[in-house]
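Structural overview
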Amino acid sequence: MKHFINSVGDICPVPLFKVEEKLKNIQKGDVIVLDTDHSCAAINIKNEMAKKGIKVKIKEIDSGIWQVYIKKS
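These notes cover the structure that comes with them. (Residues numbered from 1 in each chain as written. Predicted model: local features only at pLDDT ≥ 70, side-chain atom pairs only at ≥ 80, totals over all residues. Heavy atoms only, no water.)

As a further point, take the side chain of Q67. Along the polypeptide, Q67 turns up in strand β4 (residues 65-71). Looking at Q67, its side chain comes within polar contact range of the side chain of Y69, at 2.5 Å. The residues touching Q67, leaving out its near neighbours within four places in the chain, are V33, L34, D35, K57, I58, K59 and I61. (Helix = DSSP H or I, 4+ residues; strand = E, 2+ residues; numbered from the N terminus. Polar contact = N/O pair within 3.5 Å; in protein donor to acceptor, adjacent residues only side chain to side chain. Contact = heavy atoms within 4.5 Å.)

See below:
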């Protein structure tokens, strides 16, 4: 199942906090799709999730807009 978070306009560390909160309430195998307009937020999320062994993919979907895919394992 996919869960969407719109974090456009949020500055660090708000997007990370939203991801961490959502991870508490989803099942293994579910994917969080977060939209952000801050590249540092995408990188920060990727680095923090790596510490937990959670896979992350980042894709720039428009100029200055990234989608971060976080798969709960």
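Before going further, it helps to examine the nonpolar core. Membership of the largest hydrophobic core comes to 14 residues, with the highest contact counts inside it found for V19, L23, I32, I45, M49, V68 and I70. Of all elements in the fold, only α1 (14-23), β2 (31-36), α2 (39-51) and β4 reach the threshold of two or more residues within this core. Residues in contact with I45, not counting those within four places in the same chain, are P15, L16, V19, L34, V68 and I70. (Core = buried A, V, L, I, M, F, W, Y, C linked by side-chain atoms within 4.5 Å. Buried < 20%, exposed > 50% of the residue type's maximum accessible area, 1.4 Å probe, protein only.)

Bear in mind that shape data such as this cannot, by itself, settle questions of function.
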